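Structure at a glance
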Amino acid sequence: MTRARKVDLITNGAGRPVPVEVNGKRTRPFAGVEVARPEGRHASPPIRSCADYPDDGNKLLPDLETALERCGLRDGMTISTHHHFRNGDLVAVPLFDAAARMGVKNLMWFPSAAFPCHEPLIKHLDSGVLHHIEGSLNGPLGDYCSAGKMSGLGVLRSHGGRFQAIQDGEVHIDIAVIAAPAADSFGNANALTGPAAFGSLGFALADSLWADRVIIVTDNLVPFPCVPWQIQGNHVDHVVQMDRIGDPALIISGTTQITRSPDRLLIAEMVARFIRDAGIMKNGFSFQAGAGGTALAFAVYLKELMKEAGVKARFIRGGSTKYLVEMLEQGLTDYILDGQTFDLEGVRSMRDNPRHVATSPLTSYNYHGKGNFASQVDAVVLGATEVDVSFNANVVSHSDGRVLHGIGGWQNCLFSKCTILAVPSFRDRLPVIRDRVTTLTGPGELIDVVVTERGIAINPKRQDLLDAIKGSSLPIRPIDEIDAEVRKLCGGAPAPAKLSDEPVAVIKWVDGTVLDTAWRVA
Amino acid sequence: MNTVALVKAAEAGRRGKDVRSDLWVRVAPRQAGGIDLNLESRVALYYGEALRQQIVGVLTRLGVAHATVEVDDAGALPFTVEARVECAVRRALDDTTPGAPIPSPGPAGPERPRSPRARLRRSRLYLPGNEPKFMANAGLHAADGIILDLEDSVAPAEKDSARLLVRYALGGLDFKSAERMVRINQLPLGLSDLNLVVPMAPDLILLPKCESADQVRQVDEHILSIQKTLGLSGEVWIMPILESPLGIQRAHEIGSSSPRIVALTIGLEDYTAELGVTRTVGGAESLWARQALVNAARAAGLQPIDSVYSDVADAEGLRRSALEARSFGFEGKGCIHPAQIRIINEAFAPTAKEIDWALRVVAAFEDARKRGLGVVSLGTKMIDAPVVHRAERTVRAAAALGLLPAPSDRAAADEGRRDP
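In this text, all values refer to a predicted model and were calculated from it rather than measured experimentally.

**Looking at the sheet that holds strand S8 (residues 130-133) of chain A**
All names here are of chain A. Ordered by their spatial adjacency, 7 strands build an open sheet running S5-S14-S13-S10-S6-S7-S8, and the pairing between neighbours is parallel. The open sheet has two free edges, formed respectively by strand S5 (60-61) and S8, since each of these has just one partner strand. Sheet analysis places strand S10 (residues 175-180) next to strand S13 (residues 213-218), joined by 6 bridges and oriented parallel. Each residue of the ladder has a partner; that of Ala176, found in S13, is Val214.

Spelled out as structure tokens, the structure:
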């Protein structure tokens with residue numbers, strides 16, 4: 001079943017038509033990268049009293065259903081979860097199964113990201129237990145949304161944008177369900193120990209601070225105090241024990257293997273050499289590279305170049321992996337500032353090494369704050385599904401318009417001093433450089449360099465980088481020239497995908513304005 | 001234009017979940033009604049129409065007016081589409097005379113600058129001739145040469161399809177500055193390979209398991225006759241691969257058998273097998289053969305090129321092997337993975353110390369010549385003409401690789417040296 005929608009559209013500052021209203025709320029169209037200013041005060045959660053919580057600190061309840069009942073679960077509420085378990089999450093599905101048994105309808109799920117393991121939630125979307133999802137949509141849920149089957153519009157936000165939306169009151173969380181690998185019965189929790197340890201609970205921080213009610217779910221109850229308390233029990237209403245909250249084998253990101261593709265390795269090597277040759281790689285510099293085969297290979301190449309030149313970084317921004325941990329332990333960086341750990345080496349290091357620091361979207365990404373450190377990072381290496389000749393990029397949809405994956409920290413990272421997209425020049429005959437990106441996720445003025453296996457294009461707006469790279473043996477080429485070469489190889493430009501005029505999701509910019517729309521795909 | 005009628009159904013290419021950049025096609029005879037094309041493609045949304053047009057275009061070019069055609073495309077690039085469709089048609093015609101009914105060898109490739117006889121041949125990357133996915137970007141990895149292989153990496157049943165894929169890869173892909181090489185099959189099969197490959201103006205043909213001057217002459221004459229028929233000019237160089245005791249024994253005779261031979265190379269897997277010994281890391285069992293090949297190549301004025309190093313994961317072993325090869329007099333080595341290219345290129349490039357020495361020898365030689373001295377000396381050492389030649393070769397190689405210091409630096413260095 002698809003649900004046809006009539007919505008009023010407005011053309012935003014990026015020239016993209018966007019709905020004026022999303023899920024019953026007026027929206028602000030994107031006006032420019034740094035144009036919109038917020039007004040008013042932060043949202044505020046209700047005031048609670050110790051009189052209503054047990055003096056012995058024991059907030060344990062027998063099961064999720066009881067906890068939801070005590071939280072006053074009813075129709076139309078917003079329930080949040082975090083995505084730290086990635087594809088190994090064992091909490092979100094039983095959570096909404098419980099809600100279904102309790103007979104509630106029209107819930108909104110507000111995860112920090114969804115994964116293919118959440119496919120069973122489709123039955124709750126079909127039955128009306130869930131009304132819609134605001135959070136990254138990929139795999140089966142992405143297809144469901146793209147087919148126009150969801151009752152409300154999907155809302156895709158960056159990690160920083162999610163924090164901003166909670167803080168600003170754009171999204172009010174009624175009940176936050178925070179799965180924690182270690183917790184005490186008071187609700188203090190962290191993710192550093194236990195069978196499902198994953199490092200940092202950073203993505204649940206805003207939920208714990210702003211939700212009306214907070215439930216901690218754990219499979220590893222420890223006596224008070226559970227320290228360090230990444231989540232403080234003072235924000236927590238109830239604690240529930242479950243047998244298992246996450247599958248360790250799947251918590252480990254599937255993208256922590258270094259690529260073996262010769263072309264990807266070539267791209268990774270060129271990125272590392274670019275950072276060196278442009279003079280970015282010097283003592284005290286910083287960089288970010290996440291998981292994903294090419295980014296990992298980049299870190300390994302850069303490590304060799306840093307060793308060769310005797311250069312030490314001040315900090316590396318993770319998603320951390322064993323490769324970054326090695327750099328920390330070999331003295332190639334003073335700190336890792338880590339948003340999430342992608343493997344168990346990262347977890348171990350964060351637990352044992354005070355220089356491996358857990359961060360949250362507040363410190364690293366939130367745009368409605370008094371600065372964040374994303375803009376201090378000297379170079380960041382990101383991926384994209386498409387980029388146009390003005391350096392605008394798409395990371396959320398496939399070229400046919402299907403919602404493919406979430407924004408993650410991608411938009412927030414664009415504020416780095418040098419934003420590099422490391423992309424193959426074509427995938428399965430389909431050129432990555434396009435006349436127009438299918439879904440605008442990142443404005444070109446923030447994207448400085450596109451590295452493909454056929455050469456490196458520098459945004460003409462960055463004359464400083466063009467000057468800095470002079471004399472390098474790297475293949476620096478205008479983006480149009482790479483574009484023309486790939487088109488010739490692929491037998492012409494691809495026919496543009498035919499998109500419908502029916503919105504299924506919106507893409508938010510970091511300031512809460514609407515940057516673009518995802519349309520229903522037949 | 002002649003029309004041809006398909007006599008049976010036939011297919012070409014590969015399909016399946018894990019297949020990338022290839023195209024599977026099945027053609028079947030049809031009495032009338034034109035082309036009935038059933039097309040499935042991973043990129044149908046973007047290139048469906050382009051694919052359809054290209055497929056019909058190939059059938060028309062081959063003279064097929066009526067056929068039922070089924071296609072499953074995994075994002076094949078145009079050169080692969082061309083090759084696979086043509087292969088299916090050829091297979092559907094007659095299996096006794098492969099290729100015969102089709103106007104052969106067909107259109108020639110575009111005019112392009114030819115590869116000079118004397119050039120760097122440090123690294124040459126082997127690509128399996130029937131695997132399209134590695135081909136499009138092969139030129140980006142800075143190998144001195146790309147070998148499209150029709151021999152060992154291609155199953156006997158796919159020789160015909162590989163031949164066509166290599167043909168259209170040569171015609172349609174840009175291998176950048178790499179020398180475009182094809183390893184044909186052992187004779188006589190290799191001669192049929194040439195029919196389809198030579199019209200696309202490859203730079204060099206590798207002749208495997210070469211054991212006699214006569215084999216080189218057959219290849220040479222066949223290349224020349226194809227070129228003559230098609231009115232093509234430009235040298236197609238030949239690199240015999242000596243991979244048997246007999247081939248090594250006749251190395252000089254083979255190397256001297258055609259003016260189009262530029263290099264001799266050695267294949268150690270077959271050679272050691274035929275000797276009845278195991279190939280070891282140290283390589284003592286092939287020491288004589290390698291030295292004999294270097295000597296024969298030099299005697300015939302050719303580049304001696306070493307075998308491949310087969311452990312892709314062992315970068316250090318490869319580096320040692322390449323440096324040893326260089327110390328024997330080899331000028332290059334084969335690569336079976338792009339990751340090996342840089343190591344090999346570096347190993348066969350002159351070192352800073354060697355360049356410095358060579359520049360000083362050349363400078364001393366010129367100084368002596370200007371001053372009309374018969375004897376060249378550098379410091380307390382006298383320098384013979386062959387040493388000067390070796391130094392000149394090093395300087396030329398360094399220049400080609402952009403390794404020469406800037407003239408001002410050189411002058412400054414000279415100043416420093418004169419002032420003890």
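**Here's the deal with the domain arrangement of chain A**
Where interface size is quoted, it is often the accessible area lost as the parts come together. Domain annotation for chain A reports domain 1 (51-134 + 171-251) and domain 2 (262-496). Taken residue by residue, the interface counts 13 residues in domain 1 of chain A and 15 residues in domain 2 of chain A.

**Overview of the sheet that holds strand S18 (residues 356-358) of chain A**
Across a sheet, paired strands are connected by hydrogen bonds in the backbone, their directions being either parallel or antiparallel. Residues and elements named next belong to chain A. Pairing within the open sheet is mixed, and its 8 strands lie in the order S18-S17-S16-S15-S19-S22-S26-S27. Across the chains shown, the open sheet's two edge strands, defined by having one partner strand only, are S18 and strand S27 (455-458). Between one strand and the next, the sheet's axes are offset by a mean angle of 20 degrees, whatever the strand orientation. Running over the sheet, helix H9 (residues 293-309) touches strand S15 (285-289), strand S19 (379-382) and strand S22 (419-422) and is turned about 150 degrees from S15. Set on the sheet, helix H11 (residues 344-352) makes contact with strand S16 (313-320), strand S17 (333-341) and S18; between it and S17 the angle comes to about 120 degrees.

**Points about the packing of helix H10 (residues 315-328) of chain B against helix H11 (residues 339-348) of chain B**
Residues and elements named next belong to chain B. For the pair H10 and H11, the least separation of the axes is 9 Å and the interaxial angle reads 30 degrees. Regarding the angle of H10 to H11, the classification is roughly parallel. The handedness of the crossing between H10 and H11 is right-handed. Here H10 contributes Ala315, Leu318, Arg319, Ala322, Leu323 and Arg326 to the contact with H11, which in turn contributes Gln340, Ile343, Ile344, Ala347 and Phe348. The class makeup of the residues in the contact of H10 with H11 is 8 nonpolar, 1 polar and 2 charged.

**Comments concerning the pairing of strand S5 (residues 123-128) of chain B**
All names here are of chain B. Taking burial as the measure, the 6 residues of S5 include 6 buried ones, the bulk of the element. Side-chain alternation along S5 places Ser123, Leu125 and Leu127 on one buried face and Arg124, Tyr126 and Pro128 on a second face that is also buried. Bridge analysis of S5 against strand S12 (residues 332-335) gives 3 bridges, and the strand direction is parallel. Following the sheet pairing, Leu125 is matched in S12 by Cys335.

**Thoughts on the interface of chain B and chain A**
Chain B puts 18 residues into the contact, and the matching count from chain A is 18 residues. Among the elements that line the side of chain B that touches chain A, the one with the most residues is helix H1 (residues 44-62) of chain B, at 5 residues. For the side of chain B that touches chain A, the residue count by class is 12 nonpolar, 3 polar and 3 charged.

**A look at H11 of chain B**
Residues and elements named next belong to chain B. Counted residue by residue, H11 has 7 buried out of 10 residues, so it is predominantly covered. Listed as buried for H11 are Gln340, Ile341, Ile343, Ile344, Asn345, Ala347 and Phe348. For H11, the secondary structure elements touched by its buried residues are S5, H10 and S12.

**Comments concerning the packing of helix H12 (residues 352-370) of chain B against helix H13 (residues 385-400) of chain B**
All names here are of chain B. At a closest axis distance of 8 Å, the pairing of H12 and H13 adopts a crossing angle of 125 degrees. The pairing of H12 with H13 is recorded here as oblique in orientation. Considering the relative orientation of H12 and H13, their crossing is left-handed. Touching Glu354, Ile355, Ala358, Leu359, Val361, Val362 and Phe365 of H12 are Val387, Val388, Ala391, Glu392, Thr394, Val395 and Ala398, all from H13. Grouping the constituent residues of the contact of H12 with H13 by class yields 11 nonpolar, 1 polar and 2 charged.

Conventions we followed
Residues numbered from 1 in each chain as written. Chains lettered and ligands numbered in written order. Predicted model: local features only at pLDDT ≥ 70, side-chain atom pairs only at ≥ 80, totals over all residues. Pairing = 2+ DSSP bridges. Helix = DSSP H or I, 4+ residues; strand = E, 2+ residues; numbered from the N terminus. Domains from an automatic or database assignment. Contact = placed C-beta atoms within 7 Å. Axes fitted to C-alpha atoms, helices over the stretch in contact; angles between N-to-C directions. Parallel < 35°, antiparallel > 145°, perpendicular 65-115°, else oblique. Left-handed = near helix turned anticlockwise from the far one by under 90°. Nonpolar A, V, L, I, M, F, W, Y, C, P; charged D, E, K, R; others polar. Buried ≥ 20, exposed ≤ 12 C-beta atoms within 10 Å, placed from the backbone.

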